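Each chain is listed here by its residues.
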Amino acid sequence: MVVAGIAGGGGGWADMRSLSFQVITGRWFGMFASYQVMSAAGATYTFGLYSGTIKSTLGYDQTTLNLLSFFKDLGANLGVISGLINEVTPPWMVLSTGATLNFFGYFMIWLAVSLKIAMPKVWQMCLYICIGANFQSFANIGALVTCVKNFPESRGVVLGVLMGYVGLSGAIITQLYHAFFGNYNDPKALILLIACLPAAISFAFLWTIRIRKVIRRRRRQENELKALYKFLYISLALAGFLMIMIIVEKQLTFQQSDYGGIAAVVLLMLFLPLPVAVIPEEFKLWKIGQQVLTEPPPSQLKIIITGDSNTQICSSPLPPESAPPPSPATSSQSEASCSSNVFSRLPERGDDHTIRQALFSLDMLVLFFVAIWGIGGTLTAIDNLGQIGTSLGYPQKSLSTLISLVSIWNYLGRVTTGFGSEMVLHKYKFPRPLILTLILLLACVGHLLIAFNIKNGLYFASIIIGYCAGAQWSVLFTVISEIFGLKYLPRLYSLGALASPIGAYVLNVRVAGYLYDKEAKRQMAGLGDDNNDLNCSGVECFKLAFIIITAATLLSSLVSLILVIRTREFYNGDIYKKFREQDATAAETEMVPTCPSPAAG
């Protein structure tokens, strides 16, 4: 229909070139490009597939392996560097830097486990995986935050869709791995794929991801939501397809050509938003631009001013000159004033907070606590999923199924909470922090399923923990953007993400890793086994650790109620009122003419 519309206009190739330029440079194509980048940004969730290879090849115990996992989580959530780079450079520089780090870090890990270089020390491996995993932070800042700024009134939906693809990327990468390298026999090849694929996608799309001026229109949000729902429906179809393939793969034995067909369908669905949502939306904007060019509005707006003694006609060119921006000195003075008053007066919720103001806010401290012990617990479960499955006697094929289940339900958690929380907030004023509390309570169920090893319980635990992990991130960052504003969102985003690895270090390394090795040594001593490899079998390997993790998650859910109580009035109001006021101000500015004084005649 788009091509027919162009042909009907009579412009021929000139119109086609104009439309192509409109599509590639438009914010909807930027959304599509970010969509592709995020679909490969969650490679950290596949750690359970190759962690056993690292452990056996390099001779690590569980505590050392969990230390490596902690640095992976630290790298994925360490957004300070990417946030600082984003402050002084455009998004394409942020993405290109992240892609370079991703390739270097994972390529060095691949060289190490393939024994192509001398065996690195533990601190070197920790550094490599931290550098490689840091790409996820660069993708979040460069792509996701950029889209939030391009769609400010639909931020919950945008966060849900794009962050959902971070979760789904684990299942996508797993299917591509099987298509490229066959069945489950070479986890080393998976590491090489993780090194190359995200970097290649980022370099392919980085020039199209940039912050664009939003056209202020009365029904903009309704139109945005309709198009964003198309992204949602396609992503749900992709998740459903992957879920069906996981079930079928568990029952049947596939050849590499079969996996190739599955991968082709996955790639087709990844590019489907381009003709379904992106091109139609940009075509509408292109047609508006063409109408302005072919049928220009009157060059001047005449205003008749009637006074007691005379009548005056004045005119003003459209559009008027915009007001001059504030001087750097004024901006710096305002910033200094905010910093000096950080303790005496905080901005209202929803207004832009400086970093200091946010850090000294009780709201942010509660969110930090929740991220440390709530999200830290789910990260511990995901990172140890491969070792948990092995200790409970699950075959290697089932481990791949578990990782894919976590990935798909991670996506569903991010998407459903992104769209669902936006819906219940608008219709029922249901506060987002309360949704976060409910998610943390649900995560406790998943941890208990692991602790007590109910029959086939690990499959259900993978679903629950994957869903909760995705939902937690989606709600957490939406709440941060709503309470503390958009001006410093990249750095606030980074600070919020940095909290979770702290809890992961305590729960993963000091609790799960330590208790696993302790139980493994007890089992080896009972068998009289002098083997240096610490391998534990049975439910006791992780039972006590996940009881402790359940208690920590339950405590974080109770603490989150503080934020629910403190923000109930904020969420009962209109949290997007400021953006509508900005729209009205911009519209009034475009219509106000400049007239000479009546006395001038």
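Please refer to the structure higher up on the page.
Residues numbered from 1 in each chain as written. Predicted model: local features only at pLDDT ≥ 70, side-chain atom pairs only at ≥ 80, totals over all residues. Heavy atoms only, no water.

K.L.:
Sorry if this is basic, but what is going on with the overall build of the protein here?
P.N.:
Within the protein one finds 25 helices and two strands. Summed over all atoms, the accessible surface of the protein reaches about 26,200 Å², with 64% contributed by carbon and sulfur. (Helix = DSSP H or I, 4+ residues; strand = E, 2+ residues; numbered from the N terminus. Areas by Shrake-Rupley, 256 points an atom, 1.4 Å probe, with all protein chains shown as cover.)

K.L.:
How do you make sense of unusual backbone geometry when you look at a structure like this?
P.N.:
Note on backbone geometry: most residues besides glycine have negative phi, and most peptide bonds are trans. Even without being glycine, N453 reaches a positive phi, approximately 50°. Looking at the secondary structure, you find N453 in the loop between α20 (432–452) and α21 (457–484). Assessed through its relative accessible area of 31%, N453 is described here as partly exposed. (Buried < 20%, exposed > 50% of the residue type's maximum accessible area, 1.4 Å probe, protein only.)

K.L.:
Where do I start with the state of the cysteines in this structure?
P.N.:
Here, disulfide denotes a covalent bond that connects the sulfur atoms of two cysteines. For the structure on display, the rule yields one disulfide. Here C536 connects covalently by a disulfide to C541, the sulfurs 2.0 Å from one another. Because the sign of the S-S torsion sets the handedness, a value of about -95° for the bond joining C536 and C541 places this disulfide among the left-handed ones. Note on accessibility: C536 and C541 belong to one class, buried. The thiol of C444 is not disulfide-bonded; the next cysteine sulfur, from C468, is found 8.7 Å away. (Disulfide = S-S within 2.5 Å.)

K.L.:
Please explain the packing of aromatic side chains as it appears in this structure.
P.N.:
Two aromatic rings are characterised by how far apart their centres lie and by the angle between their planes. Throughout the structure, instances matching the rule amount to 25 aromatic pairs. Between the aromatic rings of W28 and F151, the centroid separation amounts to 4.9 Å while the plane-to-plane angle is 65°, which identifies the pairing as edge-to-face. Here W28, found in helix α3 (residues 27–38), pairs with F151, found in the loop between α9 (135–150) and α10 (155–181); they are 123 residues apart in sequence, far enough to count as distant. Per residue, the accessibility class of W28 equals that of F151, and both read buried. Members of the aromatic cluster, each reached through a chain of ring pairs, are W28, F29, F32, Y35, F151, Y165, F205, F231, F271 and Y411. (Phe/Tyr/Trp six-rings, centres within 6.5 Å; stacked < 30°, edge-to-face > 60°.)

K.L.:
Honestly, the side chain of N508 in this entry has me stumped. Any pointers?
P.N.:
Among the structural elements, N508 can be located in helix α22 (residues 489–527). Once residues within four sequence positions are removed from consideration, N508 is found in contact with N66, S69, T380, D383, N384, G503 and G513. (Contact = heavy atoms within 4.5 Å.)

K.L.:
I would appreciate a short explanation of a nonpolar patch on the surface in the present structure.
P.N.:
Where nonpolar side chains cluster on the molecular surface, the patch consists of Y428, F430, L438, L441, L554, L558 and L561 and spans about 650 Å² of accessible area. Mapped onto the nonpolar patch, the elements with two or more residues apiece are α20 and α23 (543–566). Top element by residues in the nonpolar patch is α23. It accounts for three residues. As for its placement among the helices and strands, L561 is situated in helix α23. (Patch = residues over 30% accessible without salt bridge, like charges linked within 9 Å, V, L, I, M, F, W, Y side chains within 5 Å. Salt bridge = Lys/Arg side-chain N within 4 Å of Asp/Glu carboxyl O.)

K.L.:
What should I look at first to understand the environment of G182 in this one?
P.N.:
Following the sequence through the fold, G182 ends up in the loop between α10 and α11 (187–205). Not counting chain neighbours up to four residues away, the residues in contact with G182 comprise Y177 and Q256.

K.L.:
What am I meant to see in helix α6 (residues 80–88) here?
P.N.:
Each turn of an α-helix holds 3.6 residues, which means side chains three or four residues apart point in the same direction. Every buried residue belonging to α6 is among S82, G83, I85 and N86, and all of these are buried. In a view along the axis of α6, the buried residues occupy a sector of 165°, so they form one face of it. Contact partners of the buried residues in α6: α7 (91–113), α9 and α22. (Arc of directions from axis to C-beta.)

K.L.:
What is the right way to read the environment of E422 from this model?
P.N.:
Mapped onto the elements, E422 comes out in helix α19 (residues 396–428). Separated by 56 residues in the primary sequence, E422 and T478 place their C-alpha atoms 9.8 Å from one another.

K.L.:
Is there a simple way to think about the pattern of salt bridges in this case?
P.N.:
Close approach of charged atoms allows side chains with opposite charge to pair. Throughout the structure, instances matching the rule amount to seven salt bridges. For D363, the salt bridge is made with R566, and the minimal N-O distance between the two is 2.7 Å. Note that D363 is positioned in helix α17 (residues 362–383) and R566 in helix α23, a separation of 203 residues in sequence. Judged by its relative accessible area of 35%, R566 is partly exposed. Taking the shortest distance from any N to any O, the salt bridge between E519 and R522 comes out at 2.5 Å. Residue E519 and its partner R522 are located together in helix α22, separated by three residues, close to a single helical turn. The buried category is assigned to E519, whose relative accessible area is 11%. Bridged by salt links that share partners, the residues K72, D73 and D383 form one connected network.

K.L.:
Hey, could you run me through the nonpolar core in this one?
P.N.:
Soluble globular proteins tend to bury their nonpolar side chains together. M31, Y50, I54, I109, M125, L168 and L238 are the most contacted members of the largest nonpolar core, which has 174 residues in total. For this core, the element with the most residues is α21, which contributes 16 residues. Here M31 is in contact with C147, F151, V158, V161, L162, L228 and F231, once residues within four sequence places are set aside. (Core = buried A, V, L, I, M, F, W, Y, C linked by side-chain atoms within 4.5 Å.)

K.L.:
Sorry if this is basic, but what is going on with α22 here?
P.N.:
Taking 1.5 Å of rise per residue, the 39 residues of α22 would be expected to cover 57 Å, and the 55 Å separating its terminal C-alpha atoms lies within 8% of that figure. For α22, the principal kink sits at A504 and spans about 30°. (Expected span 1.5 Å × (residues − 1). Bend = angle between axes of the 7 residues up to and from the residue.)

K.L.:
Honestly, the packing of α9 against α22 in this entry has me stumped. Any pointers?
P.N.:
Between two packed helices, the angle of one axis relative to the other and the distance separating the axes together describe the packing. One can describe the packing of α9 onto α22 by two numbers: an axis separation of 10 Å at closest approach and a directional angle of 125°. Classified by the angle their axes make, α9 and α22 are oblique. Where α9 crosses over α22, the two elements pack in a sense that is right-handed. Residue-level inspection shows N140, I141, L144, V145, V148 and K149 of α9 in contact with α22, the latter providing L489, P490, Y493 and S494. Across the contact of α9 with α22, the residue classes tally to seven nonpolar, two polar and one charged. (Axes fitted to C-alpha atoms, helices over the stretch in contact; angles between N-to-C directions. Parallel < 35°, antiparallel > 145°, perpendicular 65-115°, else oblique. Left-handed = near helix turned anticlockwise from the far one by under 90°. Nonpolar A, V, L, I, M, F, W, Y, C, P; charged D, E, K, R; others polar.)

K.L.:
When you look at the side chain of N384 in this model, what are you seeing that I'm missing?
P.N.:
By the element assignment, N384 lies in the loop between α17 and α18 (385–391). Judged by relative accessible area, which is 0%, N384 ranks as buried.

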